[in-house]
Amino acid sequence: MPPRPRAAQPCDAAALEALDAAVNPSPWGRRRFDTALDGERGLDEEVLVLEERGQLVGYIVFARVLDECSIYNVGVSGLCRRRGFGACLVDEALARLRERGCRRCLLEVRVSNRAARELYASRGFRPDGVRKNYYPGADGREDALLMSRELRNE
Ligand SMILES: CC(C)(COP(=O)(O)OP(=O)(O)OC[C@H]1O[C@@H](n2cnc3c(N)ncnc32)[C@H](O)[C@@H]1OP(=O)(O)O)[C@@H](O)C(=O)NCCC(=O)NCCS
């Protein structure tokens, strides 16, 4: 059973930066996490984290825009994968967004990122477009797969 996600605090920024750098091919960096954690800046972003034995092992960043929302980033430590942590983070984010009146959730994912595509598909997201050459990649640019799901029926 995964641990329960909690809202990240500004003091989590260094651990978030380190975990993101370890799992994300395009790491966000400290300033981006500081911004996401700074409720004063009006971005309306939220960050949830999962801890195991005092270590931060998972995170998700999302934001609401009127009645839609987006998932911007999610990651789980390589040592903790395939234990339901990613699913738990997505489910908790969607539950919070649904409570706030969001009706649709959008995201984009590298077409080559099978683990993330399967994770999102397992949480009800379906492909609904491609953004060509969206991500920088090792061999030039890579397409983004756009995915979305409705939130109202649960
Ligand atoms: C994508 C990621 C967050 C998944 O985290 P996770 O904790 O391993 O995912 P879960 O254990 O909750 O998996 C839930 C479901 O997703 C799918 N899934 C997860 N990893 C998968 C993989 N490597 N291959 C195929 N399906 C996978 C499965 O359907 C899985 O259910 P199952 O284990 O019952 O088969 C993790 O692999 C990761 O951090 N990757 C690097 C960062 C990243 O790519 N983030 C996404 C940016 S858009």
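Before reading further, recall that the structure is shown in the block above.
Residues numbered from 1 in each chain as written. Predicted model: local features only at pLDDT ≥ 70, side-chain atom pairs only at ≥ 80, totals over all residues. Heavy atoms only, no water.

As for the overall build of the protein
Here is the rule: A helix here means a DSSP run of H or I that spans at least four residues, while a strand means a run of E at least two residues long, and both kinds are numbered starting from the N terminus. Both definitions apply: the radius of gyration is a C-alpha atom measure, and the globule rule equals 2.2 Å times residues to the power 0.38. Relative accessibility thresholds used throughout: buried, under 20% of the residue-type maximum; exposed, over 50%; partly exposed, between the two (1.4 Å probe, protein chains only). For this analysis, residues touch if any pair of their heavy atoms sits within 4.5 Å. Each accessible area is a Shrake-Rupley estimate made with a 1.4 Å probe; only the visible protein chains count as cover when residues are assessed. Only four residue types enter the tally: Lys and Arg on the positive side, Asp and Glu on the negative side, with His and both chain ends excluded. The atom standing in for a charge is NZ when the residue is Lys, CZ when it is Arg, CG when it is Asp and CD when it is Glu.
On a plain count of helices and strands, the protein comes out with four helices and seven strands. Each helix and strand of the protein, placed in order from N terminus to C terminus, yields the pattern β-α-α-β-β-β-α-β-α-β-β. Taken over C-alpha atoms, the radius of gyration comes to 15 Å for the protein, in line with the 15 Å a tight globule of 154 residues would show. Out of the 154 residues in the protein, the part that is buried amounts to 42%. Restricting to contacts in the protein with at least 6 residues of sequence separation, those with at least 24 account for 60%. Surface summary for the protein: the accessible area is close to 8900 Å², and the carbon and sulfur share equals 47%. The distance from the centre of the 26 positive side-chain charges to the centre of the 24 negative ones in the protein is 3 Å.

Focus on the pattern of salt bridges
Let me state the cut-off plainly: Criterion for a salt bridge: a side-chain nitrogen of Lys or Arg within 4 Å of a carboxyl oxygen of Asp or Glu.
By the definition in use, this model includes 17 salt bridges. Note that Arg6 and Asp12 form a salt bridge whose closest N and O atoms lie 2.9 Å from each other. Classification of Arg6 by relative accessible area gives partly exposed; the value is 27%. For Asp12, a relative accessible area of 8% puts it in the buried group. Close ionic contact of Glu92 with Arg96 constitutes a salt bridge, the shortest N to O distance being 3.0 Å.

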